[in-house]
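# Coordinate analysis (summary)
Below, each chain spelled out in residue letters.
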There are 2 protein chains.
Amino acid sequence: MSLVVMKFGGSSVGTPERMQRVAKRIIEKQQEGNAVVVVVSAMGDTTDDLIDQSKTLNPNPPAREMDMLMTVGEQISIALLSMTVHGLGGKAVSFTGWQAGMRTDAVHGKAKIIDIDGSRVFKALKEGNVAIVAGFQGTSEEGDITTLGRGGSDTTAVALAAALKADVCEIYTDVDGVYSTDPRVVKNARKLEEISYDEMLELAHLGAAVLHPRAVEYAKHNNVRLVVRSSFTYNEGTSVKEEAVMEQGVVVRGIAFDKNVARISILGVEDVPGVLANVFGALAAESIDVDIIVQSGVADGKADFSFTVSGDDRERAIAVIENNRAEVPFRETNSESGLVKVSIVGAGMVSNPGVAATMFKAISSIGVSIKMVSTSEIKVSCVINSEPLADVVRALHTAYGLDTTEQVFVGGPSERR
Amino acid sequence: MSLVVMKFGGSSVGTPERMQRVAKRIIEKQQEGNAVVVVVSAMGDTTDDLIDQSKTLNPNPPAREMDMLMTVGEQISIALLSMTVHGLGGKAVSFTGWQAGMRTDAVHGKAKIIDIDGSRVFKALKEGNVAIVAGFQGTSEEGDITTLGRGGSDTTAVALAAALKADVCEIYTDVDGVYSTDPRVVKNARKLEEISYDEMLELAHLGAAVLHPRAVEYAKHNNVRLVVRSSFTYNEGTSVKEEAVMEQGVVVRGIAFDKNVARISILGVEDVPGVLANVFGALAAESIDVDIIVQSGVADGKADFSFTVSGDDRERAIAVIENNRAEVPFRETNSESGLVKVSIVGAGMVSNPGVAATMFKAISSIGVSIKMVSTSEIKVSCVINSEPLADVVRALHTAYGLDTTEQVFVGGPSERR
């Protein structure tokens, strides 16, 4: 008998019809001979509605009380889903985070899982029940209710799968799996059968919103086999695991892009040790995430360097640099927003020279100039103007042989939560 | 320093304005030098909305899962109320039932409190916080979430007050206190300053919806001083305690009435031992509550008896009796609904002869005939036609010297939950 963890996001249970469909699917999985643990998120807008309600009473509430409030969304989901399973003749028991033994640190709003005591869940399974566990939540050592922050339910599912030594952790979403690129941009995007944790991590970080990076890291660390699949179809989905089989001749697995990128350049910086640490330390202190950093050569003891931030942070970042001028003198800054970072990702890259060159050639062949480049072992990223992004992604998709002629399922009726 | 438990019902926190008012009131109570524990119910329609939602998925859900669902209503209230207290500069910590140590049996939907571990609440108080506890909920020994059933938040408040040895348990509602009768019926109803547990119990059972009988019993058993008062005014309220001081010349404390009463009579019943046990055992087995039972004399070895049930149960009750005819033979039944039970309640009654006679005289003086009578040490109940109920209650109110000329606050903007 296999132990399967099935995770359903909020949009998968957002209406009574969808709730029924999910319940049916859970029962089928059990009837196939599996022990089934389900992790579910808050339905549709429940959590947003609660946050709105709280804002009218206190725009700046204590994080502990916010966690107390937000976790009811998942508690509603588990209760209703369990009832629905019973209504269809199945057996289910719901568990809040604390009941499922999800122990976290006490950092409200973004707690980390410390330990899972799976005894109650195991007992429920042994008695023939489906165990339905609230995602996104746990309790601290003091017994306070905590939330795991963004992507929390994915992380709950993976952590439970690791703790219970599940055979597989299935992440149900409203797309059919992980695609070679966004199917809304490239019509003949290819659904991937397999992908490695590292590749998935790069894609997840790069804006493919199908699976939260933290959950992927957790899965990699604990060697949990993930499957990303649709709650609306019975298609196979994408398997995420340590070593993903490469198809013949495919070096690049996928193409991701991140819109709303801004470039900031600092020119004529005095090249003394600790300059970079000083600048980026000041930005970090203001919680400004810096992505690509490029330093060009030093001349006359002066250096130029450029980095990217989210377009929303551009003005704040420049203010930080200006305020820091006494410590890090420079000649001038310049910046631009409305840029895009396009990345190719693939574990095979490291042993295939010329992969980056193919990228540069494909981009330049449609008359787009590259502003910045950054590379890692399994990815190459280029910063370009946001127009014509779709043409660039399409050109890259073709250049790396990713186009498929298969009919693919593109997106569900709503965005994934 | 006194320890005060303040309980607020759902209508007291049903809007942001009311929530703010309650938070202000809590802070004031603390600033007067009290340690303050607050018990709060679910806001307005939250629980009803959740029940409606569940019905669409499973009209007959497991009680355990229903408790899982319903308890989120109070969790939302405690979180929002705590945030509101913080927003006004106060310090508060919210606690679910399990966090507050409310241990119950495992009878989902109507659990009984077994034990309270008040250590977390005490710790919060010691640190200068208001402790805000979710009413209506607890956990079983197995760690399942339970609800206490109807009147549950009142019971939570009283039980907490007993466990924490509070000086007083204040029940905030949308009326100013306990009245000598329903102020909607008798305009010059009198607000009672004091009332004994037993009197309150009779009034509570008899339909004065201000305080749940179970909470009163719990208070009596644990000698918790209760005060019923308004969350909308700063008026004194009514104190409920063991020995309430009787005002000069007042024998009857209040007049309660229960609409929707049906009378059923069984005539010509063979008078053998065990007949009554048989009939009323069969009714109890069908969960039909029988109130007043009157047996008239036996003639020719045949007895007649009459009893009252809720008007809604009349037809079912008659069917039970008919089905039971083989065991308890009788000549015929007759019944009528649309009746009312009017009761006078007062601990002084026992030492004042003629109290019942005054009642019969007041009722007959306006041409109403009495169908059934039942007495206890501290009350007399009469079953009469429902018209003219208001005239009867007014006549009794005057006859027992309960009329006041004071201006009284009559009802809040909405019904109490």
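The rules behind each value
- Residues numbered from 1 in each chain as written.
- Chains lettered and ligands numbered in written order.
- Predicted model: local features only at pLDDT ≥ 70, side-chain atom pairs only at ≥ 80, totals over all residues.
- Heavy atoms only, no water.
- Pairing = 2+ DSSP bridges.
- Helix = DSSP H or I, 4+ residues; strand = E, 2+ residues; numbered from the N terminus.
- Axes fitted to C-alpha atoms, helices over the stretch in contact; angles between N-to-C directions.
- Contact = heavy atoms within 4.5 Å.
- Buried area = accessible area lost by both parts, 1.4 Å probe.
- Salt bridge = Lys/Arg side-chain N within 4 Å of Asp/Glu carboxyl O.
- Polar contact = N/O pair within 3.5 Å; in protein donor to acceptor, adjacent residues only side chain to side chain.
- Nonpolar A, V, L, I, M, F, W, Y, C, P; charged D, E, K, R; others polar.
- Buried < 20%, exposed > 50% of the residue type's maximum accessible area, 1.4 Å probe, protein only.
- Phe/Tyr/Trp six-rings, centres within 6.5 Å; stacked < 30°, edge-to-face > 60°.
- Least-squares fit on C-alpha atoms with pLDDT ≥ 70 in both.
- Expected span 1.5 Å × (residues − 1).
- UniProt positions renumbered as here; feature names shortened; annotations may be inferred.
- Domains from an automatic or database assignment.
- Parallel < 35°, antiparallel > 145°, perpendicular 65-115°, else oblique.

### What to know about the sheet that holds strand β3 (residues 92-95) of chain A
Strand-to-strand pairing in sheets goes through backbone hydrogen bonds, with the strands running parallel or antiparallel. Residues and elements named next belong to chain A. Overall, mixed pairing links the 8 strands, which are arranged β3-β6-β2-β1-β9-β11-β12-β10 in an open sheet. This sheet does not close on itself; its edge strands, each paired only once, are β3 and β10 (194-196). Strand-to-strand twist across the sheet, computed as the mean angle between neighbouring axes with direction ignored, equals 20 degrees. Relative to strand β12 (residues 238-241), strand β11 (residues 226-230) runs antiparallel, the two being bridged by 3 bridges. Its bridge partner being in β12, Val 227 is matched across the sheet by Ser 239.

### Notes on the interface of chain B and chain A
Facing the 42 residues of chain B at the interface are 42 residues of chain A. Carbon and sulfur atoms supply 64% of the area that chain B and chain A bury against each other, a total of about 3200 Å² over both sides. Notably, a salt bridge pairs Asp144(A) with Arg120(B), separated by 2.7 Å at the nearest N-O pair. Along the contact surface separating chain B from chain A lie 20 residue pairs in polar contact (both at pLDDT 80 or more). Listing elements by their share of the side of chain B that touches chain A, those giving two or more residues are α1 (16-31), α2 (46-57), α3 (63-70), α4 (72-87) and β3 (92-95) of chain B. In terms of residue count, the dominant contributor to the side of chain B that touches chain A is α4(B) (11 residues). Its residues assigned to classes, the side of chain B that touches chain A shows 21 nonpolar, 16 polar and 5 charged.

### Here we look at the pattern of salt bridges
Opposite charge on two side chains allows them to pair when their charged atoms are near. Residue and element names in this part refer to chain A. Counting across every chain of the model gives 46 salt bridges over all chains. Between Lys 29 and Glu 170 there is a salt bridge, and its shortest N-O distance comes to 3.1 Å. Of this pair, Lys 29 sits in helix α1 (residues 16-31) while Glu 170 sits in strand β9 (residues 168-173), and the two are 141 residues apart along the sequence. Its relative accessible area of 11% is what places Lys 29 among the buried residues. Taking the shortest distance from any N to any O, the salt bridge between Glu 336 and Arg 263 comes out at 3.1 Å. Taken together, the residues span a long stretch of sequence, with Glu 336 in strand β16 (residues 332-345) and Arg 263 in strand β13 (residues 254-270) at a distance of 73 residues.

### Here's the deal with the packing of aromatic side chains
All names here are of chain B. A complete count under the given rule lists 7 aromatic pairs over all chains for this structure. When the ring of Phe 280 is compared with that of Phe 305, the centres are 6.0 Å apart and the planes differ by 45 degrees; the resulting orientation is tilted. Taken together, the positions of Phe 280 in helix α9 (residues 275-285) and Phe 305 in strand β15 (residues 302-310) put the pair 25 residues apart, joining distant regions of the chain. Taken individually, Phe 280 and Phe 305 each receive the classification buried, so the pair is uniform in this respect.

### A few points about the relation of the copies chain B and chain A
With an RMSD of 0.1 Å, the fit of chain B onto chain A corresponds to turning through 180 degrees and sliding 0.0 Å along the axis. A rotation of that kind, with that shift, is consistent with a two-fold axis. Taking C-alpha positions as reference, the residue of chain B nearest the rotation axis is Val72(B), located at 2.8 Å. Taken together, the interface assignments show that 100% of the residues at the interface of chain B recur at the interface of chain A, consistent with an identical surface on both copies.

### Section: α1(A)
All names here are of chain A. For α1, with 16 residues, the first-to-last C-alpha span of 22 Å sits near the 22 Å given by 1.5 Å per residue. When we look at burial in α1, the residues that qualify are Arg 18, Met 19, Val 22, Ala 23, Arg 25, Ile 26, Ile 27 and Lys 29. Gly 33 sits one or two positions beyond α1 and adopts a positive phi of about 100 degrees.

### Considering the UniProt feature "binding site: ATP" (unreviewed entry) in chain A
All names here are of chain A. Mapped onto this numbering, the UniProt entry gives "binding site: ATP" (unreviewed entry) at Lys 7, Phe 8, Gly 9, Gly 10, Thr 173, Asp 174, Tyr 179 and Arg 184. Of the residues just listed, which span 178 residues, the most distant C-alpha pair is 24.5 Å apart, and they do not cluster in one region. Classification of Lys 7 by relative accessible area gives buried; the value is 1%. At 2.9 Å, the side chain of Lys 7 and the side chain of Asp 154 are in polar contact. Along the chain, the position of Phe 8 falls in strand β1 (residues 3-8). Looking at Phe 8, the relative accessible area reads 0%, which means it is buried. Among all residues touching Phe 8, those that are not within four sequence positions of it are Val 22, Ile 26, Val 38, Val 39, Val 40, Ser 41, Tyr 172 and Ser 231.

### Concerning the domain arrangement of chain A
Residues and elements named next belong to chain A. Looking at chain A, the domain boundaries give domain 1 (3-245) and domain 2 (255-399). Counting from both sides, the interface comprises 13 residues of domain 1 and, opposite them, 16 residues of domain 2. Taken together, the two surfaces of domain 1 and domain 2 that pack against each other cover about 1200 Å², and 65% of this comes from carbon and sulfur. Taken together, domain 1 and domain 2 are joined by 1 salt bridge. Note that Glu 202 is salt-bridged to Lys 379, the shortest N-O span being 3.8 Å. Our enumeration of links across domain 1 and domain 2 arrives at 5 residue pairs in polar contact (both at pLDDT 80 or more). The class makeup of the residues in the side of domain 1 that touches domain 2 is 5 nonpolar, 3 polar and 5 charged.

### Looking at the packing of helix α4 (residues 72-87) of chain A against α4(B)
Between α4(A) and α4(B), the least distance of the axes is 10 Å, while the angle of their chain directions is 180 degrees. Here α4(A) is positioned roughly antiparallel relative to α4(B), judged by the angle of their axes. Listed contacts from α4(B) to Val72(A), Gln75(A) and Ile76(A) of α4(A) are Val72(B), Gln75(B) and Ile76(B). Residues of the contact of α4(A) with α4(B), tallied by class, amount to 4 nonpolar, 2 polar and no charged.

### Quick notes on the sheet that holds β3(B)
Residue and element names in this part refer to chain B. With respect to topology, 8 strands assemble into an open sheet ordered β3-β6-β2-β1-β9-β11-β12-β10, the strand pairing being mixed. Only two strands of the sheet have a single neighbouring strand rather than two, namely β3 and β10 (194-196). Strand-to-strand, the axes of this sheet are offset by a mean angle of 20 degrees, without reference to chain direction. Sheet topology places strand β1 (residues 3-8) next to strand β2 (residues 35-40); 6 bridges connect them, and they run parallel. In the sheet register, Val 5 faces β2, and the bridge partner there is Val 37.

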